[in-house]
Amino acid sequence: MKTIIYPDSQTDLKKYEKLNTTDLKIYNKNVQINDTQITKDETDQTLLEADVIILTQSCINTGKYNLENIKQACEQIREFVDENKTIVFDTPLPPRSVYKMSKVIDDLGIIKDMNLAYITHIDDDTQLIGYSNENTKNLITDLYKDMALKTETTNNIQTAECVPIIQNAYKDTLIALANQTAILSEAITIDLIEAIKLANMNKDINLLNPQPVLHNDIIRDSQEIVNLADEYGEAAQLSQTTRDTNNYVAYHVAYMAEKELYLKEHLAMFETTVAILGITEDLKLITEDNNVSLILIDDFVSRDVDVLVCDDKIPEEIIQKHGAKKITLDEAYDADCIIIMTDDPQFKNLEHDKVQKVVISALPILNKDEFDDKEYSSVGQYRLKKEEML
């Protein structure tokens, strides 16, 4: 069997050496081959002779789905596709994308039953293969059998496309429940973190702790539910409320900081310096849209607060664009208020003795007993001292 990978510069070619095929090549003159055993071939003859063409073009641009790259690839290969060739889409796509791309490949509707497959993952160990017919299922299952420990299949490609979007929207919704409940818990003075731990003793309950949502894939896919609902004229109030709730965490944390600084340190916000620890949970900042930490920075800056930011993954120019200053963790200790937004190991090990006034954490990563003599609050664990109760 002859297999062709049609990649882009973001494709990890090394992993495709595990494909179960006798003849494996890549087709793309713009892709550099470094540490890989795959042979490079730029001739159109390779596309003509291939049994399987695997498309791996990235369809995520500035944190959102964009099908332009995969569409161009489909236009490039369409003259070489017939009923005997199998096309595999091995890249994250929103629902109905494979269907739309099949219309690009066969724009005249000549191929009666095109052999199509879509590859995604259910978890780190399990891949999911969506397929258009039984022959494709058998062919691609065998081709990809060594690419994961377990393989699941579905004969509905649109179902496979939707699985990771549902998974990420689920995470976003669970976190929104925790964040919404956290705000209420502070008003009625309960320890939500303890309440969640006790509630999860019921085997049917799997609550998450309150936290900012700073993973782009969760934000993107939750928003995609809203986008799809708009496209097809359906309602998506839950997903929209989820996004609004999790973005609102920024303003709630700002309120917590203002309350601590004003009531206990007798400082107006324009007199203070706030250090924000953590901007993204991704390896790098993919997009500035819907980023809770950046929303928080913008809110403080709009009120003339001096904002400092500690996150090694963020370029200084982005921080400056939002009116803040990039600093090291050691410099953050001089701020009037430290706000922790991610569970970076260095933030988990914040040095208690160096904290000057106020520490606020948007997620429960510090031992509150260690900071008992500081003005410390975590979302969901606020105003719990007896003398501060309403």
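Note: the structure precedes this text.
An account of the accompanying structure is given in this report. Small disclaimer: the values here were computed from a predicted structure and weren't measured.

**Remarks on the pattern of salt bridges**
Side chains that carry opposite charge are capable of pairing whenever their charged atoms lie near each other.
Piece 1. On inspection of all chains with the given rule, the structure shows 19 salt bridges.
Piece 2. Taking the shortest distance from any N to any O, the salt bridge between arginine 78 and aspartate 107 comes out at 3.8 Å. Note that arginine 78 is positioned in the loop between helix 2 (68-77) and strand 7 (86-89) and aspartate 107 in the loop between helix 3 (97-105) and strand 8 (115-121), a separation of 29 residues in sequence.
Piece 3. Take aspartate 107: its relative accessible area is 49%, and that puts it in the partly exposed class.
Piece 4. In this structure, aspartate 191 engages lysine 368 in a salt bridge whose closest nitrogen and oxygen atoms are separated by 2.7 Å. Separated by 177 residues along the polypeptide, aspartate 191 in the loop between helix 5 (157-187) and helix 6 (192-199) and lysine 368 in the loop between strand 15 (358-361) and strand 16 (375-378) bring together distant segments of the chain.
Piece 5. Overall, the relative accessible area of 15% leaves aspartate 191 in the buried class.

**Quick notes on the packing of helix 5 against helix 8 (residues 237-265)**
Piece 1. For the pair helix 5 and helix 8, interaxial distance at closest approach is 9 Å and the crossing angle is 40°. With respect to helix 8, the axis of helix 5 lies oblique. When the axes of helix 5 and helix 8 are compared, the crossing they make is left-handed. Taken together, the residues of helix 8 that come into contact with helix 5 (itself represented by Asp172, Thr173, Ile175, Ala176, Asn179, Gln180, Ile183 and Glu186) are Leu238, Thr242, Arg243, Thr245, Asn246, Tyr248, Val249, His252 and Met256.

**Considering the packing of aromatic side chains**
Piece 1. On inspection of all chains with the given rule, the structure shows 3 aromatic pairs.
Piece 2. Between tyrosine 248 and tyrosine 251 the ring centres are 6.3 Å apart and the planes differ by 40°, which places this aromatic pair in the tilted class. Taken together, the positions of tyrosine 248 and tyrosine 251, both in helix 8 and 3 residues apart, correspond to about one turn of that helix.
Piece 3. Residue tyrosine 251 is classed as partly exposed on the basis of its relative accessible area of 42%.
Piece 4. A centroid spacing of 5.6 Å and a plane angle of 35° characterise the contact between phenylalanine 371 and tyrosine 376, whose relative ring orientation is tilted.
Piece 5. The exposure class assigned to phenylalanine 371 is buried, which follows from its relative accessible area of 2%.

What counts as what
- Residues numbered from 1 in each chain as written.
- Predicted model: local features only at pLDDT ≥ 70, side-chain atom pairs only at ≥ 80, totals over all residues.
- Heavy atoms only, no water.
- Salt bridge = Lys/Arg side-chain N within 4 Å of Asp/Glu carboxyl O.
- Helix = DSSP H or I, 4+ residues; strand = E, 2+ residues; numbered from the N terminus.
- Buried < 20%, exposed > 50% of the residue type's maximum accessible area, 1.4 Å probe, protein only.
- Axes fitted to C-alpha atoms, helices over the stretch in contact; angles between N-to-C directions.
- Parallel < 35°, antiparallel > 145°, perpendicular 65-115°, else oblique.
- Left-handed = near helix turned anticlockwise from the far one by under 90°.
- Contact = heavy atoms within 4.5 Å.
- Phe/Tyr/Trp six-rings, centres within 6.5 Å; stacked < 30°, edge-to-face > 60°.

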